[in-house]
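# Summary of the model geometry
The residues making up each chain are set out below.
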Amino acid sequence: MQQHSAPTTSERSGGAPATTAPPPTTGVGRPAGRPAGRPTGSPTGSPTDRLAGWVVRRFGELRLRPWFWPAALSAGYVAELLFRLVLARHLSYPSVHPDEDSYLVLARVLAGGQTTEIPVGVVIPGGYPLLISPALRLADDPVTAYHLIMGINALVSALVFPLAYVALRRLGLRRQLAYVFGAVTALLPPVVFYSQFVLTDAVLPALILAWLLCLHGWLADGPLRRRAWHAVGAGAAAGYAMATHDRGGVVVALTAVVFVGVLLLRWAPWRATVAGLGALGLGVLGAELLAAWLHAQFTVHNSDVGGFLWRGLTDPEAAQRTLTRTAGQIWCFIVSTWGIGGLAVTVCLFAVFSRRFPRPLRITGGVLVALLLGTALASAAALPDDGRIDNWVYARYTSYLVPAAFVTGSAVLVRFGRRALGRTAAATAALTLVLAELVVMSAGSKLRTQVFVLWGMPDVSFLSTDWGRLAMFRTTAAALVILGAVVLMRAAGGRPVLWAVGLSLALFAAFATTTITAQVTQPHAKWRKAQATGFTRAAGLKPDDNVVFAWDIDWSLRATQAFEVYRGRIWSLDPRWQPVPAEATVVVTPLPAPGQQPEEYWPGHPADWYVERADTQQNWAVWHRR
């Protein structure tokens, strides 16, 4: 890590030798020959100039104090936290089905609540539900619980700022620039957007950035104790990533390969590496034990993600689709970082085969690119062929690498010379255009005729300013214009303009994130409100009810109520042919054909069940037991 010592006395006084004698003074300590009415160094310009000069001098004094940068980082973290809380203040129920609902069900069980139906139909990793489960222990109703979870998401997501600052310092940036570009990283739309939902993508960006920092700290020269602790941190972070999402399996595999390879090649102290392997083993064991315990709480089948992945990789008919989707995800990853993350991809690929970079950076950069390619390929193969346009350019699964790539690209922007930066930017632009052309040529008319889901393409839609369709080349042009403008500013103005570049990017990131919240997050939540709290109130459901939903009730409504029925439980079955559980207190069925009474949907219902209320517009009837 590049060190930046405080300027010496001679440096602060304009470069005079340290042995130069001070000027003679008067009896009161004032330099001889200087008027008593004006302090030493007092500017003679306008009031604005004097104020600016005072601010600069004061900042120069304060930043040398030992408490300044910890305080500045704390203040920046609080600002990032408040920004997220303000954006999420109106969110009070799940709207991304069935993912949010399933994580909430797992959190409910981990908080000691009653087991209920898991909407996704399989037990998914429980690391994130374990993190948010305290919210369900503290809250007495689902709205309060959801607000607390948004707070937990914000607390973890805002950690991207201090982690990005540390990463940028290790990449050689001065403290002030590391602070500014760290703030930009934490404000990026892919970092903030997913924290507005109960999804693992709220915490994975900070986790993966911490994991990469630990890998680098273990590989970099330093005391054995420090390297051992970094190795333990890398192993533990990988294990938790595996407990959090299936993508964590790729993280664990890469961590194990790096640990074993470095151990065999003796590139790090063997005791530190063994400590990391031990932490990795314990982390994987913990993930497996958590998964086994959760499986014991539910009567569902195991997830077949591995089967979907294998078929997507080995089926000749699916091979082209998988490769196209892989290219589309990497394209989306680059444009969602406005090309700056693409600088990182280009440089990391070059660094793997170049000795011009230190070994720790080469290995860490190689791991970053390998994880990006592995994640894109695996998710492209496993995603279903359900006729959605966003499956071709899916943004969510690679978003957890955005902070790591953006800080690397920022370091390239700051530290590369004009020619090297120009060549890297040109290579990034060419790669982005080639990926876009591959997707357009392979997917063809499907990019226009399949179902457009705005939630799946927030960054793409923002860049193209089109919220109703996919415009790949318009999006590509917008991202490359931003990249080109930043590179040109840096090349024309040199290092003095880097402050302006960083502040401009921070303002643009805040604007982009706020716009996406207004155009995507809030409308999406409002659209789902009728199926969440709206139905709960209209149907008169209580938190302690045990509710049976007929299979032909809208699936998203059934999924939401798994959380809204806060202490009771949910079943999905067909009451006409399947027995209703004895502990059930409510049954929700669709209405029969127009003109028929609600009771005719379930003609053989037991005598102690009756229709309490019905809604012809939303097509449901609520039955209660007498």
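What comes next is a walk through the structure. Numbering of residues begins from 1 in every chain and follows the order in which that chain's sequence is written. Whole-chain, interface and lining totals are the exception, using all residues; otherwise, since this is a predicted model, local features are given only for residues with pLDDT of at least 70 and side-chain atom pairs are given and counted only at 80 or more. Excluded from the side-chain calculation are hydrogens and water; included are all heavy atoms of the structure.

### A few points about the environment of Trp551
By definition, any uninterrupted DSSP run of H or I lasting at least four residues is a helix, any uninterrupted run of E lasting at least two residues is a strand, and each is numbered from the N terminus. Summarising the element assignment, Trp551 is placed in the loop between β1 (547–550) and α25 (555–564). When checking whether two residues touch, look at their non-hydrogen atoms; a contact exists if any pair is within 4.5 Å. If we skip the residues at most four places from it in the chain, Trp551 touches Arg558, Ser572, Leu573, Asp574 and Gln578.

### What to know about the nonpolar core
In plain words, nonpolar cores are sets of buried Ala, Val, Leu, Ile, Met, Phe, Trp, Tyr and Cys residues tied together by side-chain atoms within 4.5 Å. Summary of the burial criterion: residues with accessible area below 20% of their type's maximum are buried, those above 50% are exposed, and those between are partly exposed, where the area comes from a 1.4 Å probe applied to protein chains only. Counting residues in each nonpolar core, the largest one holds 169 residues, and the members touching the most others are Trp211 and Trp218. Here this core gets 12 residues from one element, more than from any other, and that element is helix α10 (residues 204–219). Filtering out sequence-adjacent residues up to four positions away, Trp211 remains in contact with Ala234, Ala237, Ala238, Val251, Thr255, Val367 and Leu371.

### Quick notes on the packing of α10 against helix α12 (residues 247–265)
All axes are obtained by fitting lines to C-alpha atoms, using only the stretch in contact for helices, and the reported angles, taken between N-to-C directions, cover 0 to 180 degrees. The N-to-C vectors of α10 and α12 enclose an angle of 0°; their axes lie 12 Å apart at closest approach. By the angle between their axes, α10 is roughly parallel relative to α12. Mapping the contact onto sequence places Leu204, Ile208, Trp211, Trp218 and Leu219 in α10 and Arg247, Val251, Thr255, Val258, Phe259 and Val262 in α12. Basically, the charged four are Asp, Glu, Lys and Arg, the nonpolar ten are Ala, Val, Leu, Ile, Met, Phe, Trp, Tyr, Cys and Pro, and anything else, Gly included, counts as polar. Across the contact of α10 with α12, the residue classes break down as 9 nonpolar, 1 polar and 1 charged. We call two directions roughly parallel when the angle between them is under 35 degrees, roughly antiparallel when it is over 145, roughly perpendicular when it lies between 65 and 115, and oblique otherwise.

### Let's talk about the packing of helix α4 (residues 99–110) against helix α5 (residues 127–138)
For any two helices packed against each other, one specifies the inter-axial angle together with the distance between the axes. Viewed as axis vectors pointing N to C, α4 and α5 meet at an angle of 65°, and their least axial separation amounts to 7 Å. As the angle between them shows, α4 and α5 are arranged roughly perpendicular. Here α4 runs over α5; the crossing is right-handed. Listed contacts from α5 to Tyr103, Leu104, Leu106, Ala107, Arg108 and Leu110 of α4 are Tyr128, Pro129, Leu130, Ile132, Ser133, Leu136 and Arg137. Classifying every residue of the contact of α4 with α5 by side-chain character gives 10 nonpolar, 1 polar and 2 charged. In a left-handed crossing the near helix is turned counterclockwise from the far helix by less than a right angle, and in a right-handed crossing that turn is clockwise.

### Observations concerning helix α19 (residues 418–443)
The span you would expect from a helix comes to 1.5 Å times its residue count less one. In a regular helix each residue adds 1.5 Å, so 26 residues correspond to 38 Å; α19 covers 37 Å between its end C-alpha atoms and thus fits that length. Listed in full, the buried residues belonging to α19 are Leu421, Thr424, Ala425, Thr428, Ala429, Thr432, Leu435, Ala436, Val439 and Ala443. Considering only its buried residues, α19 is in contact with α15 (316–336), α16 (340–352), α18 (402–415), α20 (446–449) and α22 (472–493). Of the residues trailing α19, Gly444 is marked for its positive phi of about 60°.

### A few points about the side chain of Gln450
Residue position: Gln450 is located in the loop between α20 and α21 (458–464). In this structure Gln450 comes out as buried when scored by relative accessible area, which is 18%. Contacts described as polar in this section are N or O atom pairs within 3.5 Å, which, within protein, must combine one atom able to donate a hydrogen with one able to accept it, while residues neighboring in sequence count only if both atoms come from side chains. Only 3.1 Å separates the side chain of Gln450 from the side chain of Trp392, close enough to count as a polar contact. The residues contacting Gln450, other than those within four sequence positions of it, are Gly387, Arg388, Ile389 and Trp392.

### Some details on the pattern of salt bridges
Basic side-chain nitrogens of Lys or Arg form a salt bridge, by our definition, when they fall within 4 Å of a carboxyl oxygen of Asp or Glu. A complete count under the given rule lists 12 salt bridges for this structure. Where Asp544 meets Arg567, a salt bridge forms, and the shortest distance between an N and an O atom there is 2.8 Å. With Asp544 in the loop between α24 (533–539) and β1 and Arg567 in the loop between α25 and β2 (570–573), this residue pair connects regions lying 23 residues apart in the sequence. With a relative accessible area of 39%, Arg567 lands in the partly exposed category.

### Considering the pairing of β1
Burial along β1 is two-sided: Val547 and Phe549 and Val548 and Ala550, pointing in opposite directions, are all buried. Strand pairing is defined by DSSP finding a minimum of two bridges between the two strands. Both β1 and β2 contribute to a ladder of 4 bridges, which runs parallel. Within the sheet, the bridge partner assigned to Val547 lies in β2 and is Ile570. Convention used here: a crossover is right-handed provided that the path from the first strand, over the helix, to the second strand proceeds clockwise when the strands point away from the viewer. You can see the chain leave β1, run along α25 and come back into β2, and the turn it takes is right-handed.

### Structural notes on the sheet that holds β2
The strand order β2-β1-β3-β5-β4 describes an open sheet built from 5 strands, whose pairing is mixed. Only two strands of the sheet have a single neighbouring strand rather than two, namely β2 and β4 (609–615). For this sheet the average axis-to-axis angle between neighbouring strands, irrespective of direction, equals 25°. Here β4 pairs with strand β5 (residues 620–625) via 6 bridges, running antiparallel. For Tyr610, the partnering residue across the bridge sits in β5 and is His624.

### Overview of the side chain of Asp459
Turning to its location among the elements, Asp459 is positioned in helix α21. Residues within four places of Asp459 in sequence aside, it is in contact with Pro189, Pro190, Ser336 and Ile516.

### Quick notes on the packing of aromatic side chains
Only centres within 6.5 Å qualify two rings of Phe, Tyr or Trp (six-membered ring in Trp) as a pair; their planes then separate them into stacked at under 30 degrees, edge-to-face at over 60, and tilted for everything else. All chains considered together, the criterion is met by 24 aromatic pairs. With a centroid separation of 6.2 Å and 50° between ring planes, the pair formed by Trp602 and Trp609 is classed as tilted. Each member of the pair, Trp602 together with Trp609, is buried. Taken together through their ring pairs, the aromatic side chains of Phe68, Trp69, Phe161, Tyr165 and Tyr179 make up a single cluster. A positively charged side chain is recorded as over a ring if its NZ (Lys) or CZ (Arg) lies within 6 Å of the ring centre. The angle to the ring normal must also be within 35 degrees. Cation over ring: Arg325 sits above Trp392, and NZ or CZ is 5.6 Å from the ring centre. The ring of Trp527 has Arg528 sitting right over it, with the charged end atom 4.4 Å from the ring centre.

### Focus on the environment of Tyr179
Assignment of secondary structure puts Tyr179 in helix α8 (residues 175–187). For Tyr179, a relative accessible area of 22% puts it in the partly exposed group. Residues Tyr179 and Leu73 lie 106 residues apart in sequence; the distance between their C-alpha atoms is 7.8 Å. Those residues within four positions of Tyr179 in sequence are excluded, and the remaining contacts are Trp69, Ala72, Leu73, Gly76, Phe161 and Tyr165. Here the side chain of Tyr179 touches Ala72 through a polar contact of 2.7 Å, landing on its backbone oxygen. A distance of 3.5 Å separates a polar atom in the side chain of Tyr179 from the backbone nitrogen of Gly76.

From the geometry alone we can't say anything about function, so treat these as descriptive.
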